[in-house]
Amino acid sequence: MTDDPTEFRGWVRHGNVLEILPMRLRPRRPTDVVVRNLAAQACYTIVSNVLDSADQIPGHAGRARSPGHGAMGVVVEVGPQVRRVKVGDKVVTPVLPACGTCYSCVRGEWHACGHKNDLDFATPDAPPFAELEDGTPVWQDHTGGFAELAVCPEPWVVPVNESTLSNVELATLACVPGPGWTFGLIGARIEIASTVAVLGAGPLGLSIIQAAKMAGARLIIAAERIPHRLDAAKKAGAHVVLNTDEIGDTLVERIHELCRPETENMAAGGKPIVGFYGGTGADHVFEAAGATFGNPTTGMPADDTGALLVSQGVQATRRGGFFVHTGVTKKTNDPKLWTPAPGPFDYNGKRYLSAAYGGGNVLRDIPRLAKLIEMGYLDAMSLVDPVLPFEKGDEAIWSSLNRDKLLPIITFQD
Ligand SMILES: [Zn+2]
Ligand SMILES: [Zn+2]
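The protein is annotated in an unreviewed UniProt entry as Glutathione-dependent formaldehyde dehydrogenase of Acrocarpospora macrocephala. The protein has a UniProt comment under Cofactor (unreviewed entry) that states "Zn(2+)". According to the UniProt record, the Sequence similarities (unreviewed entry) comment for the protein reads "Belongs to the zinc-containing alcohol dehydrogenase family."

Undergrad: Describe the overall build of the protein, with residues and values.
TA: Within the protein, the secondary structure is distributed over eleven helices and 18 strands. In summary, the protein has a C-alpha radius of gyration of 22 Å against a globular reference of 22 Å for 414 residues, a match within 12%. Seen through its principal axes, the protein has C-alpha atoms that stretch 75 × 40 × 40 Å. Across the 414 residues that make up the protein, the buried fraction comes to 56%. Contacts in the protein between residues at least 24 apart in sequence constitute 70% of all its contacts with a sequence separation of at least 6. Carbon and sulfur atoms provide 53% of the accessible area of the protein, an area that totals close to 17600 Å². Side-chain charges in the protein split into 38 positive and 46 negative, and the spacing between the mean points of these groups amounts to 6 Å.

Undergrad: Give a detailed account of the environment of M381, specifying residues and quantitative values.
TA: With respect to the secondary-structure elements, M381 resides in the loop between helix 10 (362-374) and strand 17 (384-389). Of the residues examined, M381 reaches a relative accessible area of 36% and is grouped as partly exposed. For the pair M381 and D231, spaced 150 residues apart in sequence, the C-alpha to C-alpha distance is 16 Å. Non-local contacts of M381, meaning those with residues more than four positions away in its chain, are made with V168 and E169.

Undergrad: Could you give an account of the coordination of the zinc ion (ligand 2), with specific residues and numbers?
TA: At 2.3 to 2.4 Å from the zinc ion (ligand 2) lie its protein donor atoms, namely C99 (SG), C102 (SG), C105 (SG) and C113 (SG). What the four donor atoms of the zinc ion (ligand 2) show is an angle range of 105 to 118° at the metal, which sorts the shape as tetrahedral. Mapped onto the sequence, the residues coordinating the zinc ion (ligand 2) show the spacing C-x2-C-x2-C-x7-C. On the criterion of sequence distance, the pair formed by C102 in the loop between strand 6 (90-93) and helix 2 (103-106) and C113 in the loop between helix 2 and strand 7 (130-132) is long-range, its members being eleven residues apart.

Undergrad: I'd like a description of the coordination of the zinc ion (ligand 1), backed by residues and values.
TA: Only C43 (SG), H69 (NE2) and C175 (SG) from the protein coordinate the zinc ion (ligand 1), and they sit 2.0 to 2.2 Å from it. Each donor residue of the zinc ion (ligand 1) lies on the same chain, and together they follow the pattern C-x25-H-x105-C. Placement of the pair is C43 in the loop between strand 3 (32-41) and helix 1 (44-56) and C175 in the loop between helix 3 (167-171) and helix 4 (177-187), with a sequence separation of 132 residues. Exposure class is identical for C43 and C175. Each is buried.

Undergrad: Quick one: what's the story with the domain arrangement of the protein, residue by residue and with numbers?
TA: It is common to give the size of an interface as the accessible area that goes away when the parts come together. Once the domains are mapped, the protein shows domain 1 (7-175 + 359-411) and domain 2 (188-354). Residue-level contacts link 18 residues of domain 1 with 19 residues of domain 2. The largest contributions to the domain 1 side of the interface with domain 2 come from L383, R403 and L406, which together make up 37% of the buried area. If you look at where domain 1 meets domain 2, you find zero salt bridges. Taken together, the elements giving at least two residues each to the side of domain 1 that touches domain 2 come down to helix 1 and helix 11 (393-402). For the side of domain 1 that touches domain 2, the leading source of residues is helix 1, giving four residues. Tallied by class, residues from the side of domain 1 that touches domain 2 come to nine nonpolar, five polar and four charged.

Undergrad: For the pairing of strand 5 (residues 71-78), give the residues involved together with the corresponding values.
TA: Pairing analysis gives seven bridges linking strand 3 to strand 5, with the strands arranged antiparallel. Of the residues in strand 5, the one forming a bridge with A40 is A71. In the sheet, strand 5 pairs with strand 6 via four bridges, with the strands oriented antiparallel. Residue A71 lies in a different strand from strand 6, and its bridge partner there is T93.

Undergrad: Before we move on, can you summarise helix 5 (residues 203-215) with the specific residues and values?
TA: Its 13 residues give helix 5 an end-to-end C-alpha distance of 18 Å, which sits within 8% of 18 Å, the value for a rise of 1.5 Å per residue. Counting buried positions over the 13 residues of helix 5 gives eleven, a clear majority of the element. Structurally, helix 5 contributes buried residues whose contacts are with helix 4, strand 11 (195-199), strand 12 (219-224), helix 6 (227-236), strand 14 (282-287) and strand 18 (407-411). Among the residues trailing helix 5, G216 stands out with phi positive, at a value near 90°.

Undergrad: Account for the UniProt feature "domain: Alcohol dehydrogenase-like C-terminal" (unreviewed entry) in the protein, naming residues and giving values.
TA: Sequence positions flagged by UniProt for "domain: Alcohol dehydrogenase-like C-terminal" (unreviewed entry) are, in local numbering, residues 203-291. Secondary structure across residues 203-291 comprises 39% helix and 18% strand; the distance between its end C-alpha atoms is 15 Å.

Undergrad: Hey, could you go over the confidence of the model for the protein for me, with residue numbers and the actual values?
TA: Within the protein, residue pLDDT values average 93, and 97% of them lie at 70 or more. Here the complex is predicted with pTM 0.96, and the ipTM for its interfaces comes to 0.98.

Undergrad: With reference to specific residues and values, describe the packing of aromatic side chains.
TA: When we look at a pair of aromatic rings, we describe it by the centre distance and by the angle of the planes. On inspection of all chains with the given rule, the structure shows seven aromatic pairs. Ring pairs connect the aromatic residues F323, W338, F345 and Y352, which therefore count as one cluster. Geometry around W139 places R63 over its ring, the cationic atom sitting 3.8 Å from the centre. The ring of Y103 has R107 lying over it, and the distance from NZ or CZ to the ring centre is 3.7 Å.

Undergrad: Account for the nonpolar core, with residues named and values stated.
TA: Ranked by size, the top nonpolar core spans 77 residues in total, and within it L173, L206, I209 and F286 carry the most contacts. With seven residues, the single largest contributor to this core is helix 5. Split by domain, this core shows at least three residues from each of two domains, domain 1 (7-175 + 359-411) and domain 2 (188-354). Apart from the residues within four sequence positions on either side, F286 is in contact with F183, G184, A188, I190, V196, A197, V198, L199, I208 and V324.

Reading the values: the criteria
Residues numbered from 1 in each chain as written. Chains lettered and ligands numbered in written order. Predicted model: local features only at pLDDT ≥ 70, side-chain atom pairs only at ≥ 80, totals over all residues. Heavy atoms only, no water. UniProt positions renumbered as here; feature names shortened; annotations may be inferred. Helix = DSSP H or I, 4+ residues; strand = E, 2+ residues; numbered from the N terminus. Rg over C-alpha atoms; globule rule 2.2 N^0.38 Å. Buried < 20%, exposed > 50% of the residue type's maximum accessible area, 1.4 Å probe, protein only. Contact = heavy atoms within 4.5 Å. Areas by Shrake-Rupley, 256 points an atom, 1.4 Å probe, with all protein chains shown as cover. Lys, Arg positive; Asp, Glu negative; His and termini not counted. Charge placed at Lys NZ, Arg CZ, Asp CG, Glu CD. Donors = N, O, S within 2.8 Å, 3.2 Å for Na, K, Ca; no water. Tetrahedral: all angles 85-135°; square planar, octahedral: opposite > 155°, others 65-115°. Domains from an automatic or database assignment. Buried area = accessible area lost by both parts, 1.4 Å probe. Salt bridge = Lys/Arg side-chain N within 4 Å of Asp/Glu carboxyl O. Nonpolar A, V, L, I, M, F, W, Y, C, P; charged D, E, K, R; others polar. Pairing = 2+ DSSP bridges. Expected span 1.5 Å × (residues − 1). pLDDT = per-residue confidence, 0-100. Phe/Tyr/Trp six-rings, centres within 6.5 Å; stacked < 30°, edge-to-face > 60°. Lys NZ or Arg CZ within 6 Å of the ring centre and 35° of its normal. Core = buried A, V, L, I, M, F, W, Y, C linked by side-chain atoms within 4.5 Å.

Following this line, the structure appears as structure tokens:
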């Protein structure tokens, strides 16, 4: 960076080009916090933004944008209305805000915080955060991360001054593993001695498997098709790993078979196995795959919409069990993937949850999760690969697209 604190470099997607360009911050709002990024994830959602930003995100056609969400760094400037942090604070800038005072926050529905609308694509008339040397305005995707500086409204910054974790470990809390751990331990809390099926064993599914192990699940089933992720699922704590390429369309039956009641004696806490109201299926099913974007080198799934796994996940859940849908899916009316209305849903008392950041309160839960990593209950570094310098940010994004490794993280010079 130069001596001018508003000048910085960052990855910018303009037209069909993704490159590092010099930029200068535009004027900040009174509630804005300027963060000097130290580490940032290449979450899979960023891939879709970089590939298809003009088509997929309303109001963004033709705009120059700096990608990213899911970073950590140090505060270098605060607006006059900011109270949560001060200059010099170490912060995580997660994919979800927590204001604490809006309609949703006062009801404890943190995942629906109204400040989600602070994001540029949610309100397309939001101002650009920076400009190129020729004055071209640049918008920041979400909370940024792939530029040396980010501008985040106050509800989006979480101080972690007390944490002893590395920058890379702290960056895992901003998206993907952070929400995965939160789903399993907080937002969709896994019961002790329950049965859990995790559909997809990328960095999100693996973090849910870690949470299931920590929560004391008696059976953890992972379903995955990419070989290195099948191995990672075992290492993370899955007891049974199903290769969905090998078992074809029997995934739902396999989960029902594995998750039978321990006794059929209904006078002793059991339930019947067969019959219209049979008692098989997992207590908790987590869909952790989502849609596929672009043309990954590590095998294209038969269903690139991600809808089939949502249908299968609901069907694999026992009556009265919990189904959690984490991935972003593409729209489809294909009856092979998504049955006609009411879709895969049924009349069996299953509970459904879809939530940003696992339904957690980032201000409360990021410091708590950081402590669990410090104490060795959760293993952040086993989910991270590769770690690359900021200058190789494009490599990190393409690694995420290709699913050839796990969670790529870029780091900046401290
Ligand atoms: Zn993300
Ligand atoms: Zn709120």
